[in-house]
Amino acid sequence: MKFTIIGDWYELWDLASTFVVVAEGEDFENAKANAAVAVLEAFPWRAEEYGETPETLWGGDHGAYVVAAFLGDLGAQAVDAVEFELIA
């Protein structure tokens, strides 16, 4: 199943980098784990500077949080509706 996950960073200075990830998985938790890998590929300094891993990205001091999640690929609609950085 595909999920569209809208995420943002816990840190205040990085609020401009709200992002959308379209990820596949057997269920939402699996898709969220796959999304974490894609997010760290798109923002490698999160791993390099803060030591974030796919296991620690969703939460933690320097990680991200899920703002919203939707079943299906709604990435194009989300990018059209608001200024998001799309991570496919």
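Structure first, text after, so check above.
Conventions used here
- Residues numbered from 1 in each chain as written.
- Predicted model: local features only at pLDDT ≥ 70, side-chain atom pairs only at ≥ 80, totals over all residues.
- Heavy atoms only, no water.
- Helix = DSSP H or I, 4+ residues; strand = E, 2+ residues; numbered from the N terminus.
- Buried < 20%, exposed > 50% of the residue type's maximum accessible area, 1.4 Å probe, protein only.
- Contact = heavy atoms within 4.5 Å.
- Areas by Shrake-Rupley, 256 points an atom, 1.4 Å probe, with all protein chains shown as cover.
- Polar contact = N/O pair within 3.5 Å; in protein donor to acceptor, adjacent residues only side chain to side chain.
- Salt bridge = Lys/Arg side-chain N within 4 Å of Asp/Glu carboxyl O.
- Phe/Tyr/Trp six-rings, centres within 6.5 Å; stacked < 30°, edge-to-face > 60°.

Caption draft 1: Seen up close, the overall build of the protein. Scanning the protein from terminus to terminus reveals three helices and four strands. Shown N-terminal to C-terminal, the secondary structure of the protein runs as helices and strands in the order β-β-α-α-β-α-β. When each of the 88 residues of the protein is scored for burial, the buried share is 41%. Counted over contacts in the protein with a minimum sequence separation of 6, partners at least 24 positions apart contribute 57%. Accessible surface, the protein: about 4900 Å² in total, of which carbon and sulfur atoms supply 55%.

Caption draft 2: Main features of the side chain of D8. Topologically, D8 is positioned in strand 1 (residues 2-9). Within the structure, the side chain of D8 is placed 3.2 Å from the side chain of T18, a separation counted as a polar contact.

Caption draft 3: Up close: the pattern of salt bridges. In the structure shown here, the tally under the stated rule is one salt bridge. The shortest N-O distance in the salt bridge between K32 and E29 comes to 3.8 Å. With K32 and E29 both in helix 1 (residues 28-42) and three residues apart, this pair spans about one turn of that helix. Taking relative accessible area as the criterion, K32 reaches 19% and is therefore assigned buried.

Caption draft 4: Local environment of the packing of aromatic side chains. For the coordinates displayed, the defined rule picks out seven aromatic pairs. Both rings, one in W9 and one in F19, keep their centres 5.1 Å apart while their planes meet at 50°; by these two values the pair is tilted. You can see W9 sitting in strand 1 and its partner F19 sitting in strand 2 (residues 19-24), a full ten residues away along the chain. Taken individually, W9 and F19 each receive the classification buried, so the pair is uniform in this respect. Taken together, W9, F19, F43, W45 and W58 form an aromatic cluster joined through their ring pairs.

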